[in-house]
Amino acid sequence: MRLHQEKSKSPTEAERQGFTMLEVTLVLALTGLLLIGLLAGTAAAIQTQRYNDSVRSYAEYLRTVYSEVINPSSLGLGNSSNKNAIEGGNYAIYGKVLVFGYNYGSGASNEDDTRSVYSATLIGDANPPSITVNGFVNELAAVHTELFCGKRINGSEQASTLSRYEPTWQAELMQVNDSSHEPPLSINDRFKGTVIIARSPSSGAIHTIYTSKTYNLRDGCKSLEDSYAGQELKNDIAEFSQNPATASVKFYTEPVGFCIKSQNVSAGQYREVRIAEDGRNTSAISILNTDEDEQGRCR
């Protein structure tokens with residue numbers, strides 16, 4: 001009888017010593033779901049952080065450019081030279097020219113440079129006659145502004161001021177939505193055009209100018225070569241100053257906005273980096289939060 005009782009208890013004792021296949025499967029499934037959720041959340045956090053880093057990096061790049069306009073670096077002889085020290089006579093540093101989205105064409109080297117920003121220093125007459133013209137573009141025309149792409153200074157060859165910046169983490173610079181602009185702008189289009197950040201020759205105030213035309217700085221502003229890109233820009237500014245209504249290239253003195261696009265965030269979360277039309281310091285560069293985008297410029 002005792003032996004029979006011990007045998008009848010053994011199945012129950014075996015069940016208490018382990019888990020059924022169903023229980024094991026449920027535990028593994030729940031653990032897998034928790035792990036997937038954790039990894040997905042971590043990946044999303046990393047992507048968001050990278051996006052924010054790309055926005056801040058681009059804003060800091062623009063602040064650096066703005067700072068160089070406020071406190072220009074020497075091209076070899078300070079901010080201005082004595083007569084005939086540089087080919088073309090006296091010069092002064094007025095600002096920076098930035099080109100976005102130039103199309104280098106099929107088969108060109110570094111075609112991905114359409115994502116890059118190329119910049120060069122803007123110079124002009126250091127001692128112009130008294131400026132009486134109205135309008136910032138007219139002032140730039142009056143001092144015959146041009147790009148510094150390498151010249152001979154006091155017998156020494158000076159390198160071009162050409163430089164290149166590329167947004168981090170594969171971010172792209174897109175146009176803001178602005179139907180009132182001429183031509184209209186759309187976030188579906190990559191930012192394309194030329195931005196000039198420069199000091200007024202008469203007042204010293206800093207202004208921002210935009211034109212939808214692009215100039216080939218990469219190939220057209222090289223050390224010790226004729227700057228056809230610089231000459232092209234110089235001619236366009238002169239033509240616009242003479243008759244803005246009929247000029248083939250339009251220049252706008254206005255704030256300039258960039259929507260920072262990334263595959264890592266949804267379109268509704270894109271943020272705008274904006275350059276003010278006028279500014280006294282680097283605070284002219286601002287990053288707008290998505291809730292500040294009341295006009296939907298980056299949506």
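Residues numbered from 1 in each chain as written. Predicted model: local features only at pLDDT ≥ 70, side-chain atom pairs only at ≥ 80, totals over all residues. Heavy atoms only, no water.

Participant: How should I be thinking about the nonpolar core in this particular structure?
Facilitator: One recurring pattern in soluble globular proteins is that nonpolar side chains are buried together. The biggest cluster of nonpolar side chains holds 35 residues, and the ones touching the most others in it are Tyr58, Leu62, Phe100, Ile197, Phe258 and Ile260. Elements supplying a minimum of two residues to this core: α2 (21–70), β1 (92–100), β7 (172–174), β8 (193–199), β9 (206–211), β11 (256–261) and β12 (271–275). No other element matches the nine residues that α2 contributes to this core. Apart from residues lying up to four places away in sequence, Ile260 is in contact with Tyr51, Ser54, Val55, Tyr58, Ala171, Glu172, Leu173, Tyr270, Arg271 and Val273. Val97, Leu217, Cys221 and Phe251 belong to the second-largest nonpolar core, a separate cluster that totals 25 residues. (Core = buried A, V, L, I, M, F, W, Y, C linked by side-chain atoms within 4.5 Å. Buried < 20%, exposed > 50% of the residue type's maximum accessible area, 1.4 Å probe, protein only. Helix = DSSP H or I, 4+ residues; strand = E, 2+ residues; numbered from the N terminus. Contact = heavy atoms within 4.5 Å.)

Participant: What is the right way to read the pattern of salt bridges from this model?
Facilitator: A pair can form between side chains of opposite charge whenever their charged atoms are brought close. Counted under the stated rule, the structure contains 11 salt bridges. Across the salt bridge formed by Asp219 and Arg218, the nearest N and O atoms sit 3.3 Å from each other. Accessibility expressed as a relative area gives 28% for Asp219, which makes it partly exposed. We classify Arg218 as buried; its relative accessible area is 12%. (Salt bridge = Lys/Arg side-chain N within 4 Å of Asp/Glu carboxyl O.)

Participant: In this structure, what is going on with the state of the cysteines? I would like to understand it.
Facilitator: Covalent bonding between the sulfur atoms of two cysteines is what defines a disulfide. Counting across every chain of the model gives two disulfides. In this model Cys149 forms its disulfide with Cys221; the gap between the sulfur atoms is 1.9 Å. One quick way to see it: the torsion about the S-S bond of Cys149 and Cys221 is about -100°, and its sign makes the bridge left-handed. Note that Cys149 is positioned in the loop between β3 (146–147) and β4 (152–153) and Cys221 in the loop between α4 (217–220) and α5 (228–242), a separation of 72 residues in sequence. Side by side, Cys149 and Cys221 carry an identical accessibility label, which is buried. The disulfide partner of Cys259 is Cys298, and the gap between their sulfur atoms is 2.1 Å. (Disulfide = S-S within 2.5 Å.)

Participant: It is not clear to me how the confidence of the model for the chain should be interpreted in this structure. Could you clarify?
Facilitator: When pLDDT is low, close inspection of the predicted coordinates is not appropriate. Averaged over every residue, the pLDDT of the chain is 82; residues scoring 70 or more account for 76%. Predicted confidence in the chain is weakest over helix α1 (residues 2–16), with a mean pLDDT of 53, and strongest over β8, with 96. Below pLDDT 50 for its whole length, residues 77–85 participates in 21 contacts with residues either more than four positions away or in separate chains. (pLDDT = per-residue confidence, 0-100.)

Participant: It is not clear to me how the packing of aromatic side chains should be interpreted in this structure. Could you clarify?
Facilitator: For any pair of aromatic rings, geometry is given as the distance between the ring centres together with the angle between the planes. Counted by the stated rule, this structure contains 10 aromatic pairs. Note on Phe191 and Phe258: the rings are 4.3 Å apart at their centroids and 35° apart in plane angle, and the pair reads as tilted. With Phe191 in the loop between β7 and β8 and Phe258 in strand β11, the pair connects residues that are 67 residues apart, well separated along the chain. For Phe191, a relative accessible area of 3% gives the class buried. The exposure class of Phe258 is buried, given its relative accessible area of 0%. Taken together through their ring pairs, the aromatic side chains of Tyr58, Tyr61, Phe100, Tyr165, Phe191, Tyr210 and Phe258 make up a single cluster. (Phe/Tyr/Trp six-rings, centres within 6.5 Å; stacked < 30°, edge-to-face > 60°.)

Participant: What is the right way to read unusual backbone geometry from this model?
Facilitator: A negative phi angle characterises most non-glycine residues, just as the trans form characterises most peptide bonds. One non-glycine residue, Trp169, adopts positive backbone phi at about 55°. Here Trp169 shows up in the loop between β6 (163–165) and β7. Note on Trp169: relative accessible area 46%, which makes it partly exposed. Backbone geometry places Gln170, a non-glycine residue, at a positive phi of 60°. Residue placement: Gln170 occurs in the loop between β6 and β7. With a relative accessible area of 58%, Gln170 lands in the exposed category.

Participant: Is there a simple way to explain the sheet that holds β11 in this structure?
Facilitator: Hydrogen bonding along the main chain pairs the strands of a sheet, whether they run parallel or antiparallel. With respect to topology, four strands assemble into an open sheet ordered β7-β11-β12-β14, the strand pairing being antiparallel. Two strands lie at the open edges of the sheet, namely β7 and β14 (285–288), each paired on one side alone. Strand after strand, the sheet turns through a mean of 30° between neighbouring axes, direction not considered. The sheet contact formed by β12 and β14 spans four bridges and is antiparallel. Bridge pairing in β14 links Ile275 to Ile285. (Pairing = 2+ DSSP bridges. Axes fitted to C-alpha atoms, helices over the stretch in contact; angles between N-to-C directions.)

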